[in-house]
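Coordinate analysis (summary)
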Amino acid sequence: MNIQDQKHLNLQSDKSTGSLSNQDDDVTFIKESSVKNLLNWTDCVDAMESALVAISNTSQKSDSEPFSSQTPRTFTFAGNKGVLLTMPGYASNYTLNSVTGSDKKHSTLSCKLVTSFSGNSQLNPAIPGILGTILLFNSDTGKLKAIVDGTEITAWRTAAVSVVATKYLYCDMNLKNLDGNIVGKELAIVGCGTQGRIHALAMLNYFPNVFIKVKLWNRSLNRAEKLKKELNALFPEIIIVIADSSILCVAGADCVVTATNSSQPLFELKDLKENVHINAIGAGTNHHSELAMDIYQSSSVYIESYIGLETELKGIKEYVNGEVGEIVAGKKFLHKIENSKNVTVFQSMGNAIEDGVMANMIYQKFMKN
Ligand SMILES: NC(=O)C1=CN([C@@H]2O[C@H](COP(=O)(O)OP(=O)(O)OC[C@H]3O[C@@H](n4cnc5c(N)ncnc54)[C@H](O)[C@@H]3O)[C@@H](O)[C@H]2O)C=CC1
Ligand SMILES: O=C(O)C1=NCCCC1
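As a starting point, this report considers the structure included with it. Throughout this document, residue positions are counted from 1 along each chain, in the order its sequence is written. Whichever chain is written first becomes A and whichever ligand is written first becomes 1, with later ones labelled in order. With pLDDT at 70 or above as the cut-off, local features in this predicted model cover only qualifying residues; side-chain atom pairs require 80 or more to be listed or tallied, and sums for whole chains, interfaces and linings still use all residues. Only hydrogens and water are set aside when side-chain values are computed; all heavy atoms of the structure are taken into account.

1. Some details on the pairing of strand β2 (residues 27-30)
Partly exposed residues are those whose accessible area sits between 20% and 50% of the maximum for their type, while under 20% is buried and over 50% is exposed, using a 1.4 Å probe and protein chains only. The way it works is that DSSP assigns letters per residue, a run of H or I at least four long becomes a helix, a run of E at least two long becomes a strand, and they are numbered from the N terminus. The alternating pattern of β2 places V27 and F29 on one face and T28 and I30 on the opposite face, and all of these are buried. Strands qualify as paired when DSSP identifies two bridges or more between them. Note: β2 against strand β8 (residues 144-149), 3 bridges, orientation parallel. From the neighbouring strand, T28 faces β8, where its bridge partner is A146.

Structure representation (structure tokens):
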């Protein structure tokens, strides 16, 4: 039997081996196509809102409040070809409102193993540069309970976290005119690979009727053209254009997503209009190389976790105003910088708690089916 087709993967049922033995010990394997079938933006954004709140609470203060614990992720380099990251985390007392209701509290112990090999896009056929697997453990016994494909989850959870950040950090998101009409906004997608594409889909699906125009830029034109075609088919009412440069892409935009491997800034503060919100996703030599330093210096900057800040975002540490989860939970108000262009930046990095919460959300839906 093809292992991919099994719902439950009995790792070993022979007692003589001393390994896993009965029904309760079955390890559930959730393959990529099953994960894809169970993903939707409402559930993902709802789950990521819970995850971000749990991230911002790092100790247990009561029996009911969400909290989490995690260590900095590790990086094992495979020469100069790529890297393997391990991302362990524990999240407790969080809810998955849209999936299991607001009364059910979840606890998740997990570890994502994820590789990043940027050369994968040059293979024939190409495969994703970021490939992940998430291990879910029983959080009472520590026993492995599920292996969930993490490639699609990584893409969706990153975009869903950006949606939450946009919802809470983009001050201009209440877009009604005095006459009650919505003011059409412009979205710029800088980098049209896996992350650029999924961010475009997330933003346009989650904020319907907000964006009337999307500008795309990619280093190689064919990727921008491919995304334009896909978006035209899905959102015929929205104007989709390809920009000639990253600077022209962000000019006049209200909301920007950067999702490249660029080690050099793709634009500066002067290239942006006022009140812009930026979701900076990609990583070059470090995680904040896509935006010029003057943007961080004069914007309200939010991240997922202070843990990542210490280890991976040292270069912008002094400009960070808080975690998105602190704003979501109402622990902090959005920081305003006087006499500035009122730009907000969500500096994304990826976080183990997001992966654990997403994998559990998928697991809950999978087991219901
Ligand atoms: N913040 C987070 O949680 C996550 C961040 N990432 C990061 O996001 C970035 C994009 O990832 P994917 O979309 O999966 O990769 P991808 O390979 O599918 O797309 C990358 C895009 O960036 C463009 N690009 C590459 N080098 C460039 C350069 N020097 N200048 C301008 N454009 C360049 C390519 O043309 C391509 O379209 C990567 O840096 C990755 O590490 C990925 C997953 C999660
Ligand atoms: O959080 C993740 O997953 C990743 N972040 C940075 C790039 C590799 C994947």
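Let us keep going from here.
2. Remarks on the pattern of salt bridges
Here, a salt bridge means any side-chain nitrogen of Lys or Arg that lies within 4 Å of a carboxyl oxygen of Asp or Glu. Tallying each qualifying case throughout the model produces 13 salt bridges. Between E230 and R197 there is a salt bridge, with its nearest N and O atoms 2.8 Å apart. Of the two residues, E230 is situated in helix α6 (residues 221-234) and R197 in helix α5 (residues 194-206); the sequence distance between them amounts to 33 residues. Its relative accessible area of 31% is what places R197 among the partly exposed residues. A salt bridge links D254 to K273; its shortest N-O distance comes to 2.9 Å. A residue pair is termed long-range when its members are at least 10 positions apart, and D254 in the loop between α7 (246-250) and β12 (255-258) and K273 in the loop between β12 and β13 (277-280) qualify at 19 residues. By sharing partners, the salt bridges in this structure join K112, R157, E354 and D355 into a single network.

3. Here's the deal with helix α2 (residues 41-55)
Here a helix's expected span is defined as the number of its residues, less one, multiplied by 1.5 Å. Here α2 spans 20 Å end to end across 15 residues, near enough to the 21 Å set by a 1.5 Å rise per residue. Here α2 lies mainly inside the structure; 14 of its 15 residues are buried. Put simply, N40 is the residue that caps the front of α2, since its side-chain oxygen is 3.1 Å from the backbone nitrogen of T42. Here a polar contact is recorded for every N or O atom pair within 3.5 Å, except that within protein the pair must consist of a potential hydrogen donor and a potential acceptor, and residues adjacent in sequence are included only if both atoms are side-chain atoms.

4. Points about the pairing of strand β4 (residues 74-78)
Judged from the 5 bridges that link them, β4 and strand β5 (residues 82-96) form a sheet pairing that is antiparallel. Bridged to A78 within β5 is G82. Between β4 and β5, which pair antiparallel in sequence order, lie 3 residues; one of them, G79, sits at a positive phi of approximately 55°.

5. Description of the site of ligand 2
We define proximity as follows: a residue is near a molecule or strand when any one of its heavy atoms falls within 4 Å of that partner. Lining the immediate surroundings of ligand 2 are R73, M87, K112, I130, T154, R157, H287, M349 and G350. Here an oxygen atom of ligand 2 and a side-chain polar atom of R157 are 2.7 Å apart. In isolation ligand 2 offers 260 Å² of accessible surface; the protein chains occlude 84% of this area. Under the convention adopted here, Pro, Cys and the residues Ala, Val, Leu, Ile, Met, Phe, Trp and Tyr are nonpolar, Asp, Glu, Lys and Arg are charged, and Gly plus all remaining residues are polar. By residue class, the composition of the shell around ligand 2 is 3 nonpolar, 3 polar and 3 charged. Accessible surface is estimated by sampling points in the Shrake-Rupley manner with a 1.4 Å probe; for residues, cover comes only from the protein chains shown.

6. Some words on the environment of N209
Note on placement: N209 falls in the loop between α5 and β10 (211-217). Residues N209 and E237, 28 residues apart in the sequence, show an inter-C-alpha distance of 9.4 Å.

7. Details of the site of ligand 1
The full set close to ligand 1 counts 21 residues, and Q195, N218, N261, A283 and S348 are the nearest of them. Between a nitrogen atom of ligand 1 and a side-chain N or O atom of S348, the distance comes to 2.7 Å. Contact with the protein chains covers 87% of the free accessible surface of ligand 1, which is 860 Å². Mapped by element, the contributors of at least two residues to the shell around ligand 1 are α4 (151-169) and α5. Considered class by class, the residues forming the shell around ligand 1 number 7 nonpolar, 11 polar and 3 charged.

8. Observations concerning the sheet that holds strand β14 (residues 300-303)
Paired through their backbone hydrogen bonds, the strands of a sheet run either parallel or antiparallel. Spatially, 8 strands are ordered β11-β10-β9-β12-β13-β16-β14-β15 in an open sheet, and the strand pairing comes out parallel. Each having just a single partner strand, β11 (239-242) and β15 (320-323) make up the two edges of the open sheet. Along the sheet, successive strands turn relative to each other by an average axial angle of 20°, direction set aside. Direction of pairing for β14 relative to β15: parallel, over a ladder of 3 bridges. Bridging from a neighbouring strand, I303 pairs with E323 of β15. Contacts: residue pairs with any heavy atoms within 4.5 Å of one another. Note on method: axes are straight lines fitted to C-alpha atoms, helices fitted across the in-contact stretch only, with angles between N-to-C directions ranging 0 to 180 degrees. Its contacts with the sheet place α5 against β9 (185-190), β10, β12 and β13, and it is angled at close to 165° to β9.

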